[in-house]
Amino acid sequence: MSDWRPTADFSALSRRAQLLAAVRALFAERGVLEVDTPLLATAPVTDPNIEAITTVSPDGDALMYLQTSPEFAMKRLLAAGSGSIYQICKAFRRGERGRRHNPEFTMLEWYRIGLSLQELMDEVAVIVALAVGPVESHYYSYQQVFERHCGLSPHHASLSELKACARAHLDLHFDTDDRDVWLQLLMSSVIEPLLDRESLSFVYDFPASQAALANTRSNADGIQLASRFEAFYAGMELANGYDELRDANELVRRIRDDHARRAENNQILPPIDRHLLKAMATLPECVGVAMGFDRLAMLACDVERIDEVIAFPLERA
Amino acid sequence: MANYSTNEFRNGLKVMLDGEPCSILDNEFVKPGKGQAFNRVRLRNLNSGRVWERTFKSGESLEGADVIDQSMEYLYNDGEFYHFMDPESFEQFQADLKAVGDASNWLKEQDVCTVTLYNGAPLSVTPPNFVELEIVETDPGVKGDTAQGGTKPAYLSTGAVVKVPLFLSVGEVIKVDTRTGEYQNRVKS
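Residues numbered from 1 in each chain as written. Chains lettered and ligands numbered in written order. Predicted model: local features only at pLDDT ≥ 70, side-chain atom pairs only at ≥ 80, totals over all residues. Heavy atoms only, no water.

A.B. asks: Could you give an account of the overall build of chain B, with specific residues and numbers?
C.D. replies: Helix and strand content of chain B: one helix and 16 strands. For a compact globule of 189 residues, the expected C-alpha radius of gyration is about 16 Å, and chain B comes in at 22 Å, more than 25% above that figure. For chain B, the spread of C-alpha atoms along the principal axes amounts to about 75 × 40 × 25 Å. Taking all 189 residues of chain B together, the buried fraction comes to 41%. Residue pairs at least 24 apart in sequence account for 44% of intrachain contacts in chain B once pairs closer than 6 positions are excluded. Only carbon and sulfur atoms are counted for the fraction: they give 44% of the accessible area of chain B, which is about 9900 Å². Where the 19 positive side-chain charges of chain B centre and where its 28 negative ones centre are 10 Å apart. (Helix = DSSP H or I, 4+ residues; strand = E, 2+ residues; numbered from the N terminus. Rg over C-alpha atoms; globule rule 2.2 N^0.38 Å. Buried < 20%, exposed > 50% of the residue type's maximum accessible area, 1.4 Å probe, protein only. Contact = heavy atoms within 4.5 Å. Areas by Shrake-Rupley, 256 points an atom, 1.4 Å probe, with all protein chains shown as cover. Lys, Arg positive; Asp, Glu negative; His and termini not counted. Charge placed at Lys NZ, Arg CZ, Asp CG, Glu CD.)

Structural data, given as structure tokens:
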């Protein structure tokens, strides 16, 4: 058996290293500070769809978590006055293993003060171009991609219309009355594969029910929208960007919602990050984006599997 | 049977889906950065042979199917059923033609096959990769023509028809690859 060997060949690892250097050079040129926050954290994100890997504290007394994203710690730096920052770090998510997933992966996450969400999308395009060369960008609202590829409005369609549309495309083994699950299924299994593979697609204005930690607003029709975007290229989701929420009370409300959904599904209820709550008061207006660095490397190397750009995936760790 | 969650789905795992025993062929994990994770799973229905593609919410589970592969000796065909014996327990099993399928072309008495049992009854039969069978009917052998050259059909003792080199004659024993149905070589007796 050659299980001790890396799954990526050295030309891919070398391309990956070049890409890391290019990303760092770009941010240095733009005056964005590289930072480094703890991987071992006391409070993970509360998102019900993300499970942290738990461990024990060094004194053995408390549970600790391998961070699932550096978001909370980076926001504390922003609140403390860091200015624009970026980080390239490992993040960990339990159970996420597949062609494009490894439970331990590399995240490129950055926050910009003074940039609009549109300018942040432009910067995402510049980063993607480091991997694939010049690339055209297209912008679609969440509503537009659903109308074009599913023939329905994500904001107005009834639950039964969403279900019927999903069942027309896919043979399903579940049922649920959670609208967002149907929207996410249509997005990831129907729309995503139909987006132009040769250009960068930005989808923006998500339903407020999928706001995560983005600001929300009402549009002219009175629909509540989340000020966030997702970037897709070559049939793959690459990045998630937000106009960052700064209201501590609203943050607590969303964490409570997460906890309620977790309780319904018998998931663990992770503690609330008290440091983050205190820091929210001085968090400056900012936009932030998380990008899967391994996926960027997959594009740079023109490969289909994450194992081809990381040395030792889970089974060889 | 145990239950298996989507993250335990591996190629070859046998599970029950819609009351049918299935073998998992492929399991693709689909997860947006924000949002519900799904598994797109391809399964072969072991009864019908048809392939299904089914989407699950990650974390859902399926009951395992009581399907096991067992080495068994082929005993005989009584005209309706094919009879097999577990050489360890001497327990005997009878399989109908639907379960035996194309394997019937290659079943020689006393050969050891893989019998797939579902709830203790034969579901399918896989013959050995190579079998040695006697030619019972073919055109007369052409002497001297042992190297390259043409082929001719030969009927074997099991009823299978295989393309063989021209020099072979009735009564000779040949080795056949059952996965491709191709002649391998003559077996000296």
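Having put the structure on the table, let's press on.
A.B. asks: Lay out the sheet that holds strand β7 (residues 67-77) of chain B with the relevant residues and their values.
C.D. replies: Residue and element names in this part refer to chain B. Spatially, the five strands line up as an open sheet ordered β9-β8-β7-β10-β11, and their pairing is antiparallel. Pairing within the sheet leaves two strands with one partner each, and these edge strands are β9 (92-95) and β11 (121-126). Within the sheet, the average angular offset between the axes of one strand and its neighbour, ignoring direction, is 45 degrees. Where strand β10 (residues 112-118) meets β11, five bridges bridge the pair, whose relative direction is antiparallel. The residue of β11 that forms the bridge with threonine 114 is threonine 126. (Pairing = 2+ DSSP bridges. Axes fitted to C-alpha atoms, helices over the stretch in contact; angles between N-to-C directions.)

A.B. asks: How would you sum up the pairing of strand β4 (residues 38-45) of chain B? Please name residues and give values.
C.D. replies: Residues and elements named next belong to chain B. For strand β3 (residues 20-30) and β4, the ladder comprises eight bridges, and the chain directions are antiparallel. Considered in β4, the bridge of isoleucine 24 is made with leucine 43. Two strands pair when backbone bridges link them, and β4 and strand β5 (residues 51-57) are joined in this way by seven bridges, in the antiparallel orientation. Its bridge partner lying in β5, valine 41 is registered against arginine 54. Connecting β4 to the next strand, β5, in antiparallel fashion are five residues, including glycine 49 with a positive phi near 80 degrees.

A.B. asks: Could you give me a rundown of the nonpolar core, with the residues and numbers involved?
C.D. replies: All names here are of chain A. Of all hydrophobic cores here, the largest spans 42 residues; its most connected members are Leu108, Trp110, Val124, Ile127, Leu200 and Met291. In terms of residue count, helix α3 (residues 117-132) provides more of this core than any other element does, eight residues in total. Aside from chain neighbours lying at most four places away, what touches valine 124 is Trp110, Phe202, Phe229, Ala231, Val289 and Met291. The next biggest cluster of nonpolar side chains, apart from the first, holds 29 residues, and it includes Cys150, Leu185, Ile191 and Leu195. (Core = buried A, V, L, I, M, F, W, Y, C linked by side-chain atoms within 4.5 Å.)

A.B. asks: Lay out the pairing of strand β8 (residues 82-85) of chain B with the relevant residues and their values.
C.D. replies: Residue and element names in this part refer to chain B. Burial along β8 is two-sided: Tyr82 and Phe84 and His83 and Met85, pointing in opposite directions, are all buried. Of the pairings in the sheet, the one linking β7 to β8 comprises four bridges and is antiparallel in character. When the sheet's bridge partners are listed, tyrosine 74 is paired in β8 with phenylalanine 84. Taken together, β7 and the strand that follows it, β8, pair antiparallel across an intervening segment of four residues, in which glycine 79 is found at a positive phi of about 100 degrees. Counting the residues between successive antiparallel strands, the hairpin from β8 to β9 contains six residues, one of them, phenylalanine 90, with a positive phi of roughly 65 degrees.

A.B. asks: Summarise the interface of chain B and chain A; cite the residues concerned and give the values.
C.D. replies: Contacts between the two partners involve 19 residues from chain B and, on the opposite side, 27 residues from chain A. A combined buried area of about 2100 Å² lies between chain B and chain A, and 51% of that area is made up of carbon and sulfur atoms. At the surface where chain B touches chain A, the tally comes to four salt bridges. For lysine 31 of chain B, the salt bridge goes to glutamate 96 of chain A, with nearest N and O atoms at 3.7 Å. Our count for the chain B to chain A interface comes out at seven residue pairs in polar contact (both at pLDDT 80 or more). Contributing elements (two or more residues each) for the side of chain B that touches chain A: β3, β4 and β5 of chain B. Take the side of chain B that touches chain A: its biggest share by element is five residues, from β5 of chain B. In terms of residue class, the side of chain B that touches chain A is built from seven nonpolar, four polar and eight charged. (Buried area = accessible area lost by both parts, 1.4 Å probe. Salt bridge = Lys/Arg side-chain N within 4 Å of Asp/Glu carboxyl O. Polar contact = N/O pair within 3.5 Å; in protein donor to acceptor, adjacent residues only side chain to side chain. Nonpolar A, V, L, I, M, F, W, Y, C, P; charged D, E, K, R; others polar.)

A.B. asks: I'd like a description of the packing of helix α1 (residues 10-29) of chain A against α3 of chain A, backed by residues and values.
C.D. replies: Residue and element names in this part refer to chain A. In the contact formed by α1 and α3, the axes pass within 9 Å of each other and the chain directions differ by 145 degrees. For the pair α1 and α3, the crossing hand works out as right-handed. Side by side, α1 and α3 meet where Arg15, Leu19, Ala22, Val23, Leu26 and Phe27 of the first sit next to Glu123, Val126, Ile127, Leu130 and Ala131 of the second. Grouping the amino acids of the contact of α1 with α3 by side-chain chemistry returns nine nonpolar, no polar and two charged. (Left-handed = near helix turned anticlockwise from the far one by under 90°.)

A.B. asks: Got a sec to walk through the sheet that holds strand β14 (residues 161-165) of chain B? Specific residues and values, please.
C.D. replies: Residue and element names in this part refer to chain B. Strand order in the open sheet formed by five strands is β14-β13-β12-β15-β16, with antiparallel pairing between adjacent strands. Bordering the open sheet on either side are β14 and β16 (182-187), each of which pairs with just one other strand. On average, each strand axis in the sheet is tilted by 50 degrees relative to the strand beside it, whichever way the strands run. By the bridge criterion, five bridges tie strand β13 (residues 151-156) to β14 in an arrangement that is antiparallel. Bridge pairing in β14 links lysine 152 to valine 164.

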